[in-house]
Amino acid sequence: MKRRDFLKGLMSASCMAIGGTSLLSPLSALAAPRGRDEWLTTGSHFGAFKIRRKNGVIAEVKPFELDQYPTDMIKGIKGLVYNPSRIRYPMVRLDFYKNGHKSNTAERGDFRFVRVTWDEALQLFKASLDEIQTKYGPSGLHAGQTGWRATGQLHSSTSHMQRAVSMHGNFVKKVGDYSTGAGQTILPYVLGSTEVYAQGTSWPLILKNTKTLILWSNDPVKNLQVGWNAETHESYAYLAELKAKVAKGEIRVISIDPVETKTQAYLGCERLYINPQTDVAMMLAIAYELYQQKLYDAEFVKSYSLGFEDFLPYLLGKADNTPKTPEWAEAICGVSATTIRDLARVMVKDRTQIMMGWCIQRQQHGEQPYWMAAVLATMIGQIGLPGGGISYGHHYSSIGVPATSAAAPGAFPRNLDEGKKPLFDSNDFKGASSTIPVARWVDAILEPGKTIDANGSRVTYPDIKMMVFSGNNPWNHHQDRNRMKQAFQKLEAVVTIDVNWTATARFSDIVLPACTTLERNDIDVYGSYANRGILAMHKMVEPLFDSLSDFEIFTRFAAILGREQEYTRGMNEMQWIEHLYNECREANKAKYPMPDFATFWKEGYVHFGEGEEWTRHADFRADPEINPLGTPSGLIEIFSRKIAAFNYDDCPGHPMWMEKKERSHGGPGSDKHPLWLQSCHPDQRLHSQMCESEEYRATYTVKGREPVYISPEDAKARGVKDGDIVRVFNDRGQLLAGAVISKRFPKGVIRIHEGAWYGPVGKDGSKEGGSEIGALCSYGDPNTLTMDIGTSKLAQACAAYTCLVDFEKFEGKVPEVSSFTGPVEVTLS
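Because the structure is predicted, anything quoted here is derived from the model rather than measured.

**Things to note about the UniProt feature "domain: Molybdopterin dinucleotide-binding" (unreviewed entry) in the chain**
Now for step 1: UniProt records the feature "domain: Molybdopterin dinucleotide-binding" (unreviewed entry) for residues 675-803 in the present numbering.
Now for step 2: Across residues 675-803, helical content stands at 8% and strand content at 23%; the span's end C-alpha atoms are separated by 8 Å.

**Quick look at the pattern of salt bridges**
Now for step 1: Scanning the model with the defined rule gives 46 salt bridges in all.
Now for step 2: Put simply, Asp463 and Lys465 hold a salt bridge, and the shortest N to O gap is 3.6 Å.
Now for step 3: According to the relative accessible area criterion, Asp463 is partly exposed, its value standing at 33%.
Now for step 4: Ionic pairing is found between Arg663 and Glu659, a salt bridge with its closest N-O pair at 2.7 Å.
Now for step 5: In this structure Arg663 comes out as buried when scored by relative accessible area, which is 6%.
Now for step 6: Looking at Glu659, the relative accessible area reads 35%, which means it is partly exposed.
Now for step 7: Taken together, the shared-partner salt bridges connect Glu289, Glu327, Arg341 and Arg345 into one network.

**Side note on the packing of aromatic side chains**
Now for step 1: Throughout the structure, instances matching the rule amount to 44 aromatic pairs.
Now for step 2: Consider the rings of Phe646 and Tyr648, whose centres lie 5.4 Å apart with planes at 40°: the pair is tilted.
Now for step 3: What makes Tyr648 buried here is its relative accessible area of 6%.
Now for step 4: Seen in terms of ring centroids, Trp757 and Phe820 are 5.2 Å apart; in terms of plane orientation they differ by 25°. Their pairing is stacked. Of this pair, Trp757 sits in the loop between strand S29 (749-751) and strand S30 (760-761) while Phe820 sits in the loop between strand S32 (804-809) and strand S33 (824-827), and the two are 63 residues apart along the sequence.
Now for step 5: The buried category is assigned to Phe820, whose relative accessible area is 10%.
Now for step 6: An aromatic cluster is present here, built from Trp148, Tyr197, Trp228, Trp358, Tyr396 and Tyr529 joined pairwise through their rings.
Now for step 7: Looking at Arg718, its charged tip hangs above the ring of Phe807, at a distance of 4.8 Å from the centre.

**Digging into unusual backbone geometry**
Among all residues save glycine, negative phi is the norm, and among peptide bonds the norm is trans.
Now for step 1: One non-glycine residue, Ser397, lies in the positive phi region at around 50°.
Now for step 2: One can find Ser397 in the loop between strand S14 (389-391) and strand S15 (435-437).
Now for step 3: One non-glycine residue, Asn455, adopts positive backbone phi at about 55°.
Now for step 4: Assignment of secondary structure puts Asn455 in the loop between strand S16 (451-454) and strand S17 (457-460).

**Here we look at the pairing of strand S2 (residues 38-44)**
Now for step 1: Burial runs high along S2: six of the seven residues are buried.
Now for step 2: Where S2 and strand S3 (residues 47-54) come together, seven bridges link them in antiparallel fashion. Looking at the pairing, Thr41 lines up with Lys50 of S3.
Now for step 3: Hairpin connection between S2 and S3: a loop of two residues separates the two successive antiparallel strands.

**Observations concerning the sheet that holds strand S10 (residues 252-256)**
Now for step 1: The parallel open sheet is built from five strands, whose spatial order is S11-S10-S9-S13-S14. Every other strand in the sheet has two partners, leaving strand S11 (270-272) and S14 as the edge strands with one partner each. The average angle at which neighbouring strand axes cross in this sheet is 20°, direction not considered.
Now for step 2: Looking at chain direction, S10 and S11 are connected through three bridges and run parallel.

The rules behind each value
Residues numbered from 1 in each chain as written. Predicted model: local features only at pLDDT ≥ 70, side-chain atom pairs only at ≥ 80, totals over all residues. Heavy atoms only, no water. UniProt positions renumbered as here; feature names shortened; annotations may be inferred. Helix = DSSP H or I, 4+ residues; strand = E, 2+ residues; numbered from the N terminus. Salt bridge = Lys/Arg side-chain N within 4 Å of Asp/Glu carboxyl O. Buried < 20%, exposed > 50% of the residue type's maximum accessible area, 1.4 Å probe, protein only. Phe/Tyr/Trp six-rings, centres within 6.5 Å; stacked < 30°, edge-to-face > 60°. Lys NZ or Arg CZ within 6 Å of the ring centre and 35° of its normal. Pairing = 2+ DSSP bridges. Axes fitted to C-alpha atoms, helices over the stretch in contact; angles between N-to-C directions.

This is the structure:
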């Protein structure tokens, strides 16, 4: 429909809801063309599996034969395709369709959309890009997204979107990510690499050599269910061995965490409670004890590190009149001085492996616990020894599984081909920065022109007017929903390409339906770090409704730009897959011979065999001069002259304990909102992925809401019983969740897993008003409550863990969950 026709029919517009369960009934109307009943292979973040389709519909899902520890999430796979949240057609927000870039942006989120054709949607997309580039240049466009993407080397949503948009014009990009923003920034200064995404010491070496394993804010049993590529779940075999060794007393495992983790429960290991956000104080006290009692490895410190003498005045209290004694730390962290002293001795008694989790660095001053943990490992003196030292990733994508050295297949190119230029060939960012820290884009929208410190540089926020998201849901991973609404009301245009009506799609202007990974062909690595083999990702069913693959969407968009041939390089989907496979086959022919593509595609898998054991930092330990770290000195930097030269008040030249803006257990803000909200990675999702799987979601929700885990003491004090609907709140927002009372959670700590889909309703629970500031989240998104601040001037990363809340039993009529329905489609007559 042309815009002029829309205007003629506006007064006679009618509305109808297109959500609900009609997507599932009848299935025959949605089925792919009738074909053979067969089992096909594919991969996902949740593992590899086989799917049997019947009459073009997914009938049965079972684990891949090599997966001996499949995750329970396999029960949710069908729901990724068949669910009421699917985006069915290209849609445009009602007032944006009427008024374009002059629309009433306060209506974003009111969920009224007009259905359009693919051609019109893509033409509107291009017209918006034209307008932004013409009026503002590249500083007005942000397409530098971050997110977990979908599995598959060809259909990378970010690669396709950014390659296509780059053909049109340049745009603002990001640096860093939400998962490890503070860690990946500080650790290159300390240990010479980001460490968080690096292969770790092999599990067999840990099981053979380690005597004490410290899990510091780390829950691998929960987090290893998913992976960046198709996950193998091989780590669970080693965790089973670890469990047996714990039972026999051969390895001592200590979990340092405010809550009883899933890993602690599985291993039956020890737990050391610590007050939230106080880990650095405890680490300093351990270091103090190691130094004063001469328990530390002075020779290792001298030979392999730099700056210990510069750190000592702070540790010993000569710089601030506060020695970091165990008694000093006890008052902050809640761990007794005796326990701290005992732990110091345990760490140096025998071979000790420290495994840090990622959540601990998602707090204000999140750089400090990672830095201080590296200092402890240095003082213990076992870095580079098998089963000793420190790691920052053994809970991620099966890091630590012995890896093969096979080459992995390449991916669809993200950037323009060499020598090619965009249609709007401008690099004029009007004095602003072309790259900003990943978690500071909302700041940029609200405060354009402001200059901040970031990792030794000065960053000036661009004046962003348009954002493009593809397979990326910032309305999950960013903080403070009400602040996000304020920012989105300043944007002229928002485009989202996704599978489902996520909150990001709901708050967009142009929404394009992508198909799921099960509705197109692809190829993937089996095991991100183990690199165990190559998986065929067979198309299971035809794309539902008007959804298209990322490749097809942006091929059509490139055609509008007159650059289709350049975009595809003259290859279709299957030709690209065969091309990527054959490149990989050529690279592996000497050591890992692979069959021809036709054979591979029929069999569905190529196996590279078992991997080789490896010890992290062993080369550095063997000879630090020949194998230096990537730090300025080549050594472990306990004191960083480079960071000190930045002169940051919130990240000085050595690790320090610094108070938080909000901290429970007597810390700032706890008199008003006494509970710490732990919004860690979910147990039954990958961030927000799989929350849409309706039948599987029902296995863990409470009366249709996301669970909030509460201690018996806190529940009793507020008159809340197991299964009650509660309102969780602070000055930033409010949400509803279902109470689960558990002794695994101590007084003063509650948990809501991140990734719960934002479903706003009116402040008082009324159906209308979801787009308002202060709206109530009907399902339980914890980022309704989290604080949108940077970790420090160094990383400017996500600090979601610095968050205090309170809760109460919800009284009155409970609103329906609004997170998983389709929009209100405005039809014209």
